[in-house]
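Residue-level structural notes
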Amino acid sequence: MTVFPLADPKPLPAPASPLASGLDHLVFALERPQDAPVVDHLVDHAFGPGRFAKTAERLREGNRLRTDLSICAWEGDRLVGAVRVWPITIGGAPALFLGPFAVADSWRNRGLGRALIRRAGELADAAAEPVILLVGDAAYFQPLGYERVPGRRLTLPGPVDPARLLWRTGPGASLDGFAGAVRIAPGG
Ligand SMILES: CC(C)(COP(=O)(O)OP(=O)(O)OC[C@H]1O[C@@H](n2cnc3c(N)ncnc32)[C@H](O)[C@@H]1OP(=O)(O)O)[C@@H](O)C(=O)NCCC(=O)NCCS
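Given the structure is predicted, the values throughout are model-derived calculations rather than measurements.

Of the voids in this model, the largest pocket is the one considered here, and its volume is about 790 Å³. Taken together, 33 residues make up the lining of the largest pocket; nearest its centre are Phe47, Phe101, Ala102, Asp137 and Phe141. Those elements that provide at least two residues to the lining of the largest pocket are helix H1 (36–47), helix H2 (55–58), strand S4 (93–103), helix H3 (112–126), strand S5 (131–135) and helix H4 (138–141). Of the residues belonging to the lining of the largest pocket, the class tally is 18 nonpolar, 6 polar and 9 charged.

Take a look at the structure:
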(Lines give C-alpha, C1' and ligand atoms only; values in the text may rest on other atoms or scores of the structure.)
Protein backbone atom coordinates (compact mmCIF):
# COMPACT_ATOMS: atom_id res chain seq x y z
CA MET A 1 0.00 0.00 0.00
CA THR A 2 1.33 3.41 -0.90
CA VAL A 3 0.85 6.29 1.49
CA PHE A 4 1.70 9.93 1.22
CA PRO A 5 2.74 11.15 4.65
CA LEU A 6 2.10 14.79 5.49
CA ALA A 7 5.80 15.25 6.16
CA ASP A 8 8.74 12.98 5.58
CA PRO A 9 9.38 10.60 8.47
CA LYS A 10 12.34 11.65 10.57
CA PRO A 11 14.86 8.80 10.50
CA LEU A 12 15.99 7.29 13.77
CA PRO A 13 19.69 7.54 14.64
CA ALA A 14 21.93 4.76 13.30
CA PRO A 15 21.32 1.40 14.98
CA ALA A 16 23.73 0.03 17.58
CA SER A 17 24.18 -3.13 15.51
CA PRO A 18 24.43 -3.17 11.71
CA LEU A 19 21.27 -3.83 9.72
CA ALA A 20 21.00 -6.94 7.56
CA SER A 21 22.22 -6.27 4.05
CA GLY A 22 19.39 -5.21 1.77
CA LEU A 23 17.73 -3.07 4.43
CA ASP A 24 20.02 -0.10 3.90
CA HIS A 25 17.59 1.94 1.82
CA LEU A 26 14.73 1.58 4.30
CA VAL A 27 13.99 4.48 6.62
CA PHE A 28 13.28 3.56 10.24
CA ALA A 29 11.28 6.30 11.93
CA LEU A 30 9.00 6.77 14.92
CA GLU A 31 5.30 6.29 14.21
CA ARG A 32 3.55 9.63 13.72
CA PRO A 33 -0.18 10.26 14.23
CA GLN A 34 -0.76 10.36 10.47
CA ASP A 35 0.84 6.91 10.11
CA ALA A 36 -1.79 5.19 12.26
CA PRO A 37 -4.20 4.20 9.44
CA VAL A 38 -1.49 2.63 7.32
CA VAL A 39 0.04 0.82 10.30
CA ASP A 40 -3.43 -0.49 11.12
CA HIS A 41 -3.80 -1.64 7.52
CA LEU A 42 -0.47 -3.51 7.60
CA VAL A 43 -1.36 -5.14 10.91
CA ASP A 44 -4.89 -6.06 9.76
CA HIS A 45 -3.45 -7.72 6.70
CA ALA A 46 -0.84 -9.61 8.73
CA PHE A 47 -3.13 -10.84 11.50
CA GLY A 48 -6.61 -10.87 10.02
CA PRO A 49 -9.82 -9.84 11.72
CA GLY A 50 -9.31 -12.13 14.75
CA ARG A 51 -6.66 -9.90 16.23
CA PHE A 52 -9.11 -7.78 18.21
CA ALA A 53 -10.26 -10.86 20.12
CA LYS A 54 -6.80 -11.52 21.53
CA THR A 55 -5.85 -10.91 25.12
CA ALA A 56 -3.01 -8.69 23.91
CA GLU A 57 -5.61 -6.33 22.47
CA ARG A 58 -6.98 -5.78 26.00
CA LEU A 59 -3.65 -4.10 26.80
CA ARG A 60 -3.90 -1.88 23.75
CA GLU A 61 -7.50 -0.73 23.42
CA GLY A 62 -7.89 2.53 25.31
CA ASN A 63 -4.14 2.68 25.92
CA ARG A 64 -1.91 5.42 24.50
CA LEU A 65 0.85 4.45 22.12
CA ARG A 66 4.43 5.10 23.19
CA THR A 67 5.18 7.19 20.12
CA ASP A 68 8.79 7.55 21.28
CA LEU A 69 9.29 3.78 20.99
CA SER A 70 6.98 2.63 18.16
CA ILE A 71 8.73 2.26 14.84
CA CYS A 72 7.75 2.29 11.18
CA ALA A 73 10.01 1.01 8.40
CA TRP A 74 9.51 2.87 5.11
CA GLU A 75 10.57 2.00 1.61
CA GLY A 76 10.01 5.41 0.07
CA ASP A 77 6.35 6.19 0.75
CA ARG A 78 5.46 2.56 1.38
CA LEU A 79 5.18 1.20 4.90
CA VAL A 80 6.91 -2.20 4.94
CA GLY A 81 7.11 -2.95 8.66
CA ALA A 82 5.95 -1.68 12.02
CA VAL A 83 6.17 -2.39 15.71
CA ARG A 84 4.09 -0.71 18.39
CA VAL A 85 4.90 -0.32 22.06
CA TRP A 86 2.50 0.50 24.92
CA PRO A 87 2.78 1.49 28.58
CA ILE A 88 1.61 -1.12 31.05
CA THR A 89 2.15 -1.99 34.67
CA ILE A 90 3.18 -5.38 36.00
CA GLY A 91 2.20 -5.75 39.64
CA GLY A 92 2.02 -1.95 39.70
CA ALA A 93 5.54 -1.46 38.30
CA PRO A 94 5.88 0.44 34.99
CA ALA A 95 6.77 -1.73 32.00
CA LEU A 96 6.19 -1.92 28.26
CA PHE A 97 4.04 -4.15 26.09
CA LEU A 98 5.26 -4.79 22.53
CA GLY A 99 2.90 -5.53 19.66
CA PRO A 100 1.50 -5.71 17.17
CA PHE A 101 4.54 -6.33 15.08
CA ALA A 102 4.27 -7.00 11.35
CA VAL A 103 6.24 -6.98 8.12
CA ALA A 104 4.76 -6.65 4.62
CA ASP A 105 4.55 -9.94 2.72
CA SER A 106 7.07 -8.86 0.10
CA TRP A 107 9.61 -7.99 2.79
CA ARG A 108 9.46 -11.13 4.90
CA ASN A 109 12.51 -13.28 5.62
CA ARG A 110 14.96 -10.48 4.87
CA GLY A 111 15.80 -9.58 8.45
CA LEU A 112 13.42 -6.62 8.72
CA GLY A 113 11.39 -8.09 11.59
CA ARG A 114 14.51 -8.73 13.64
CA ALA A 115 15.77 -5.23 12.86
CA LEU A 116 12.50 -3.69 14.09
CA ILE A 117 12.57 -5.67 17.33
CA ARG A 118 16.21 -4.78 17.95
CA ARG A 119 15.56 -1.09 17.27
CA ALA A 120 12.56 -1.04 19.62
CA GLY A 121 14.74 -2.67 22.29
CA GLU A 122 17.48 -0.10 21.77
CA LEU A 123 15.01 2.76 22.16
CA ALA A 124 13.57 1.18 25.31
CA ASP A 125 17.06 0.78 26.74
CA ALA A 126 17.89 4.40 25.95
CA ALA A 127 14.72 5.37 27.82
CA ALA A 128 15.86 3.20 30.78
CA GLU A 129 12.76 1.05 30.48
CA PRO A 130 13.32 -2.07 32.59
CA VAL A 131 10.98 -4.61 31.00
CA ILE A 132 9.35 -5.32 27.63
CA LEU A 133 6.59 -7.94 27.66
CA LEU A 134 5.06 -9.54 24.56
CA VAL A 135 3.00 -12.48 23.37
CA GLY A 136 4.76 -14.25 20.52
CA ASP A 137 6.66 -17.24 19.25
CA ALA A 138 9.61 -18.07 21.50
CA ALA A 139 11.55 -19.49 18.55
CA TYR A 140 11.50 -16.05 16.94
CA PHE A 141 12.02 -13.85 19.97
CA GLN A 142 14.48 -15.84 22.09
CA PRO A 143 17.45 -15.08 19.81
CA LEU A 144 16.48 -11.42 20.21
CA GLY A 145 16.89 -11.53 23.99
CA TYR A 146 13.36 -12.46 25.10
CA GLU A 147 12.70 -15.35 27.45
CA ARG A 148 9.66 -17.13 28.75
CA VAL A 149 7.94 -15.64 31.75
CA PRO A 150 7.95 -18.24 34.53
CA GLY A 151 4.58 -19.97 34.81
CA ARG A 152 1.85 -18.14 36.72
CA ARG A 153 4.06 -15.20 37.59
CA LEU A 154 1.87 -12.81 35.62
CA THR A 155 -1.89 -12.47 35.22
CA LEU A 156 -3.09 -10.96 31.97
CA PRO A 157 -6.59 -9.62 31.25
CA GLY A 158 -7.51 -12.86 29.45
CA PRO A 159 -6.07 -16.23 28.50
CA VAL A 160 -2.54 -16.46 27.07
CA ASP A 161 -0.54 -19.53 26.10
CA PRO A 162 2.22 -19.44 28.76
CA ALA A 163 4.74 -20.68 26.19
CA ARG A 164 4.14 -17.47 24.23
CA LEU A 165 4.41 -15.02 27.11
CA LEU A 166 7.91 -13.57 26.82
CA TRP A 167 9.86 -10.70 28.32
CA ARG A 168 13.17 -8.97 28.14
CA THR A 169 14.98 -6.86 30.71
CA GLY A 170 17.00 -3.77 29.93
CA PRO A 171 20.69 -3.55 30.81
CA GLY A 172 21.18 -3.67 34.57
CA ALA A 173 17.45 -3.97 35.21
CA SER A 174 16.06 -6.54 37.61
CA LEU A 175 12.84 -8.50 37.31
CA ASP A 176 12.29 -8.32 41.08
CA GLY A 177 8.83 -6.98 41.73
CA PHE A 178 7.58 -7.70 38.23
CA ALA A 179 4.87 -10.15 39.18
CA GLY A 180 1.10 -10.16 39.38
CA ALA A 181 -1.48 -8.33 37.33
CA VAL A 182 -0.59 -6.89 33.93
CA ARG A 183 -2.64 -3.77 33.24
CA ILE A 184 -2.72 -0.70 31.04
CA ALA A 185 -0.62 1.95 32.78
CA PRO A 186 -2.58 4.64 34.65
CA GLY A 187 -3.34 7.47 32.28
CA GLY A 188 -3.07 5.09 29.33
C1 LIG B 1 6.69 -12.38 12.28
C2 LIG B 1 7.14 -11.38 11.21
C3 LIG B 1 6.97 -9.96 11.73
C4 LIG B 1 8.62 -11.69 10.91
O5 LIG B 1 9.09 -10.69 10.03
P6 LIG B 1 10.33 -10.98 9.04
O7 LIG B 1 10.83 -9.68 8.57
O8 LIG B 1 9.93 -11.97 8.01
O9 LIG B 1 11.36 -11.67 10.04
P10 LIG B 1 12.92 -11.84 9.82
O11 LIG B 1 13.24 -11.72 8.37
O12 LIG B 1 13.64 -10.97 10.75
O13 LIG B 1 13.13 -13.32 10.31
C14 LIG B 1 12.76 -14.37 9.48
C15 LIG B 1 13.07 -15.68 10.18
O16 LIG B 1 12.16 -15.84 11.26
C17 LIG B 1 11.43 -17.03 11.05
N18 LIG B 1 10.08 -16.80 11.54
C19 LIG B 1 9.15 -15.98 11.03
N20 LIG B 1 8.03 -16.05 11.77
C21 LIG B 1 8.29 -16.92 12.78
C22 LIG B 1 7.53 -17.41 13.84
N23 LIG B 1 6.28 -17.02 14.05
N24 LIG B 1 8.12 -18.29 14.69
C25 LIG B 1 9.39 -18.69 14.51
N26 LIG B 1 10.16 -18.27 13.49
C27 LIG B 1 9.60 -17.39 12.64
C28 LIG B 1 11.47 -17.25 9.56
O29 LIG B 1 11.26 -18.61 9.24
C30 LIG B 1 12.90 -16.84 9.23
O31 LIG B 1 13.80 -17.83 9.62
P32 LIG B 1 15.25 -17.94 8.93
O33 LIG B 1 15.99 -16.67 9.22
O34 LIG B 1 15.85 -19.13 9.61
O35 LIG B 1 14.97 -18.14 7.47
C36 LIG B 1 6.35 -11.55 9.89
O37 LIG B 1 6.43 -12.90 9.48
C38 LIG B 1 4.87 -11.16 10.04
O39 LIG B 1 4.53 -9.99 9.85
N40 LIG B 1 4.04 -12.16 10.36
C41 LIG B 1 2.62 -11.93 10.56
C42 LIG B 1 2.35 -11.19 11.85
C43 LIG B 1 2.98 -11.87 13.04
O44 LIG B 1 2.91 -13.09 13.21
N45 LIG B 1 3.61 -11.04 13.89
C46 LIG B 1 4.32 -11.50 15.08
C47 LIG B 1 3.41 -11.71 16.19
S48 LIG B 1 4.26 -11.83 17.71
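Okay, back to it.
The next subject is the site of the ligand. The environment of the ligand is formed by 18 residues, the closest being Phe101, Asn109, Gly111, Gly113 and Asp137. A distance of 2.9 Å separates a nitrogen atom of the ligand from a polar backbone atom of Phe101. About the coverage of the ligand: the protein hides 66% of its 900 Å² of free accessible area. Those elements giving two or more residues to the shell around the ligand turn out to be H1, S4, H3 and H4. Split by residue class, the shell around the ligand holds 10 nonpolar, 4 polar and 4 charged.

The geometry of an aromatic ring pair is captured by two quantities: the separation of the ring centres and the angle between the planes. In total, this model carries 4 aromatic pairs according to the counting rule given. Where Phe101 meets Tyr140, the ring centres are 5.9 Å apart and the plane angle is 45°; that geometry is what we call tilted. With Phe101 in strand S4 and Tyr140 in helix H4, this residue pair connects regions lying 39 residues apart in the sequence. For Phe101, a relative accessible area of 16% gives the class buried. Chaining the aromatic ring pairs together yields one cluster made of Phe101, Tyr140, Phe141 and Tyr146. Across the ring face of Trp107, the terminal group of Arg110 is positioned such that the distance to the ring centre comes to 3.8 Å.

Conventions used here
- Residues numbered from 1 in each chain as written.
- Predicted model: local features only at pLDDT ≥ 70, side-chain atom pairs only at ≥ 80, totals over all residues.
- Heavy atoms only, no water.
- 1 Å grid on protein atoms, 1.4 Å probe; cavity = no way out; pocket = protein on both sides within 12 Å on 5 of 7 lines; lining within 4 Å.
- Points joined across faces, edges and corners; volume = space filled by probe spheres on them.
- Helix = DSSP H or I, 4+ residues; strand = E, 2+ residues; numbered from the N terminus.
- Nonpolar A, V, L, I, M, F, W, Y, C, P; charged D, E, K, R; others polar.
- Near = heavy atom within 4 Å.
- Polar contact = N/O pair within 3.5 Å; in protein donor to acceptor, adjacent residues only side chain to side chain.
- Areas by Shrake-Rupley, 256 points an atom, 1.4 Å probe, with all protein chains shown as cover.
- Phe/Tyr/Trp six-rings, centres within 6.5 Å; stacked < 30°, edge-to-face > 60°.
- Buried < 20%, exposed > 50% of the residue type's maximum accessible area, 1.4 Å probe, protein only.
- Lys NZ or Arg CZ within 6 Å of the ring centre and 35° of its normal.

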